[in-house]
Amino acid sequence: ACTGIENIDEAITLLEQNNWDLVAAINGVIPQENGILQSEYGVETLHGPAYGPTSHSAAASSTPSSSSAFRHVVPSRQIVERQPRMLDFRVEYRDRNVDVVLEDSSTVGDIKHILENELQIPASKMLLKGWKTGDVDDSTVLKSLHLPKNNSLYVLTPDLPPPSSSHSGALQESLNQNFMLIVTHREVQREYNLNFSGSSTIQEVKRNVYDLTSIPVRHQLWEGWPSSATDDSVTLAASGLTFPCHRLTVGRRSSPVQTREQSEEQCTDVHMVSDSDGDDFEDATEFGVDDGEMFGVASSALRKSPMMPENAENEGDALLQFTAEFSSRYGDCHPVYFIGSLEAAFQEAFYGKARDRKLLAIYLHHDESVLTNVFCSQMLCAESIVSYLSQNFITWAWDMTKEANRARFLTMCTRHFGSVVAQTIRTQKTDQFPLFLIIMGKRSSNEVLNVIQGNTTVDELMMRLMAAMEIFSAQQQEDIKDEDEREARENVKREQDEAYRISLEADRAKREAQEREMAEQFRLEQIRKEQEEEREAIRLSLEQSLPPEPKEESTESVSKLRIRTPSGEFFERRFLASSKLQVVFDFVASKGYPWEEYKLLGTFPRRDVTQLDPNKSLLEVKLYPQETLFLEAKE
């Protein structure tokens, strides 16, 4: 509380160096002007019962300079200031994330000034959003907002035009670059090759180096950072580092460790009393120390932020604050709390496929219970419990500290589990909290398998979780079997429906093919009939246009033609020798052999008569007095 040292090994080392003298160890770390043993502040001598069980003889032999006696320092006024609380902010602006680390004594305007340097945006144009409380202006002190250690904010700039794509692309490319930092540990002469993205901050680099070298950030002495890297919240891309590789050197900053003589000299100003009456130490308020102060730590710093806002309209927002506050108190190793309403948690846990269902664990927190801190830090945050819950449970949480939140949960409990469970929770005393409810979803209702109170151990908690899991697994196997059988029946039905549909499609396609074939046959038949009718009409027309056949006893010259068809039949006719060859062609066509499809051939000599001039007479083409011709289909 006095020095801000969080590393237990470092604290023990300092105590051993000062022979386990707490006051001397503190003075060895804190600069002298802020030390708690300065004589200029004045120290009162305590007269009263001894602090601790010492005998009368021990008290008689005790002296003010004895290092084995109990000492209690009571300054006349507060002489050790509270160490400032550091807050981490991740601020999102368009496609950038800026990490800002500030003391809680800073204001909102200080955050904007840092963002102004990082984002190159005037602070007057920024709207800083994401606060969990109401109205916040630039003069608001961060301490008054009761923020958790880690916070997420975002910046809006409605008065500024959006950046060009080329500028934002170049900035994004710079932030996505990877820097190779070659860090030399000066004391041990060892090099570390570390890769960091351009969006990482200098503070993140120093924290990683602390993990490697065990040198706390405040004791790290660096060489090699660019002159522009004056703020640990600056990203590597904006710090001016050499890309892609940059060399740095780190060592341990020498601390003003006091000698034993200096410690004993300062201890002479400390007055101690060691009585042997065995009574308790008198109330510190009689010596000017308030109940809420211890070594200068104000009582407001000891008060915790509420886990959940009272009368929260949205359960999801309330759970977000619960998760953030839980992490700030007990660390990041804790169950993953479901963010959403209790109904949404039911849907997630119970109403999926049987293989994906889980048990629902409801954690009921109460800040006023003496068991809460132990249960959260030692049991709920144990790695084995966290791992088992994440694999097999959906974990939902609620804070029962505030009466309004308590009444709201009891209403939800009555609606979902019935009045008996709600009455059981209602009758639980404060010291029996926190509670852990194990819920299993059933077909008709939700069953509470177990109610675990806070006075348990890690092993017992794990055993009860595993016992609930065994009951759930048996029920789950039945549900999986029923679901598989139902899916099998549905698959068979779907396959039958699909086969029936395919059969109908095949029948319809076959019927449509038959209809198309019949329609095509009908069309071809119609065309054929029309062609036959047309040919018959032409044949009749040609037959009617033929001149009458001359008689044998005619006085004119008559040519007798005998024509053989492709089928072997013969037909004969007499023509006047003066008739044109076209008359013979018309006669042959009237018999069903149009000259466009058939050729008329002579025998001796063999010749194609259809190639002759149809306007010449039979006498001219030497088809007189008689001739035998035969018909042949053209190719």
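Predicted model, so just to flag it, every value in this text is computed and none were measured. (Residues numbered from 1 in each chain as written. Predicted model: local features only at pLDDT ≥ 70, side-chain atom pairs only at ≥ 80, totals over all residues. Heavy atoms only, no water.)

A.B. asks: Is there a simple way to explain the sheet that holds strand β7 (residues 220–223) in this structure?
C.D. replies: Each strand in a sheet pairs with another by means of backbone hydrogen bonds, the pair being arranged parallel or else antiparallel. In spatial order, the strands read β6-β5-β8-β7; together these four strands make up an open sheet with mixed pairing. What marks the edges here is a single partner per strand, and that holds for β6 (190–197) and β7. Averaged over all pairs of adjacent strands, the angle between strand axes in this sheet comes to 30 degrees, irrespective of strand direction. Note: strand β5 (residues 178–185) against strand β8 (residues 245–252), six bridges, orientation parallel. (Pairing = 2+ DSSP bridges. Helix = DSSP H or I, 4+ residues; strand = E, 2+ residues; numbered from the N terminus. Axes fitted to C-alpha atoms, helices over the stretch in contact; angles between N-to-C directions.)

A.B. asks: Hey, could you run me through unusual backbone geometry in this one?
C.D. replies: Excluding glycine, most residues fall at negative phi; most peptide bonds, likewise, are trans. Here the bond from Phe433 into Pro434 is cis, since omega is 0 degrees, no more than 30 degrees from zero. Position of Pro434 relative to the elements: it lies in the loop between α14 (419–426) and β11 (435–441). Following Tyr624, the chain continues into Pro625 via a peptide bond in cis, with omega recorded as 5 degrees. With respect to the helices, strands and loops of the structure, Pro625 is situated in the loop between β16 (607–608) and β17 (626–633). Despite not being glycine, Asn19 has its phi angle at roughly 55 degrees, a positive value. Within the element layout of this structure, Asn19 appears in the loop between α1 (8–17) and α2 (22–29). Although it is not a glycine, Ser214 adopts a positive phi angle of roughly 65 degrees. Tracing the sequence through the fold places Ser214 in the loop between α6 (202–213) and β7. Residue class for Ser214 comes out partly exposed when judged on its relative accessible area of 48%. (Buried < 20%, exposed > 50% of the residue type's maximum accessible area, 1.4 Å probe, protein only.)

A.B. asks: Explain the state of the cysteines here, please?
C.D. replies: A covalent bond between the sulfur atoms of two cysteines is referred to as a disulfide. According to the stated counting rule, one finds zero disulfides in the structure shown. Sulfur of Cys376: no disulfide; nearest cysteine sulfur belongs to Cys381 and is 6.5 Å away. (Disulfide = S-S within 2.5 Å.)

A.B. asks: How do you make sense of the pattern of salt bridges when you look at a structure like this?
C.D. replies: Side-chain pairs of opposite charge can arise where the charged atoms are in close proximity. Evaluated as defined, the whole model comprises 34 salt bridges. The residue Asp88 makes a salt bridge to Arg207 at a minimum N-O spacing of 3.7 Å. Here Asp88, found in strand β1 (residues 86–93), pairs with Arg207, found in helix α6; they are 119 residues apart in sequence, far enough to count as distant. Taking relative accessible area as the criterion, Arg207 reaches 35% and is therefore assigned partly exposed. The shortest N-O distance in the salt bridge between Arg464 and Glu460 comes to 3.9 Å. (Salt bridge = Lys/Arg side-chain N within 4 Å of Asp/Glu carboxyl O.)

A.B. asks: Help me understand the packing of aromatic side chains in this model?
C.D. replies: Geometry of an aromatic ring pair is reported as the spacing of the ring centres plus the angle between the planes. What the rule picks out here adds up to 20 aromatic pairs. Seen from their ring centres, Phe322 and Tyr363 are 6.4 Å apart, and the 65 degrees between their planes marks the pair as edge-to-face. Of the two residues, Phe322 is situated in helix α9 (residues 315–330) and Tyr363 in strand β9 (residues 359–365); the sequence distance between them amounts to 41 residues. Tyr363 shares its class with Phe322; the two are buried. Among the aromatic residues, those joined into a cluster by ring pairs are Phe322, Phe326, Tyr330, Tyr337, Tyr363, Phe375 and Phe436. Above the ring of Phe570, the side-chain terminus of Arg562 is found at 3.9 Å from the ring centroid. (Phe/Tyr/Trp six-rings, centres within 6.5 Å; stacked < 30°, edge-to-face > 60°. Lys NZ or Arg CZ within 6 Å of the ring centre and 35° of its normal.)

A.B. asks: Looking at this structure, I do not really get helix α11 (residues 372–380). What am I missing?
C.D. replies: For an α-helix, 3.6 residues make a turn, and residues three or four places apart therefore share a direction. Among the residues making up α11, those that are buried are Thr372, Phe375, Cys376, Met379 and Leu380. Taken end-on, α11 shows its buried residues confined to a sector of 115 degrees, consistent with a single buried face. For α11, the secondary structure elements touched by its buried residues are α9, β9, α12 (383–392), β11 and α15 (458–545). (Arc of directions from axis to C-beta. Contact = heavy atoms within 4.5 Å.)

A.B. asks: Help me out: how do you make sense of α1 in this one?
C.D. replies: Of all the positions in α1, only Glu10, Leu14 and Leu15 are classed as buried. On an axial view of α1, the arc spanned by its buried residues comes to 135 degrees, and they lie on one face. Opposite the buried face of α1, at more than 90 degrees from it, the exposed residues are Ile8, Asp9 and Glu16. As for α1, its buried residues are in contact with α2.

A.B. asks: Help me out: how do you make sense of the confidence of the model for the protein chain in this one?
C.D. replies: Caution is warranted with low-pLDDT regions, since their predicted coordinates should not be read in detail. For the protein chain, per-residue confidence averages 79 on the pLDDT scale, and 81% of positions sit at 70 or higher. For the protein chain, helix α3 (residues 56–61) is the element with the lowest average pLDDT, namely 37, and β9 is the one with the highest, namely 93. Taken together, the stretch residues 32–81 has pLDDT below 50 and engages in 93 contacts with residues farther than four places along the chain or on a different chain. Every residue in residues 256–303 scores below 50 in pLDDT, and together they form 89 contacts with partners more than four places removed in sequence or on other chains. (pLDDT = per-residue confidence, 0-100.)

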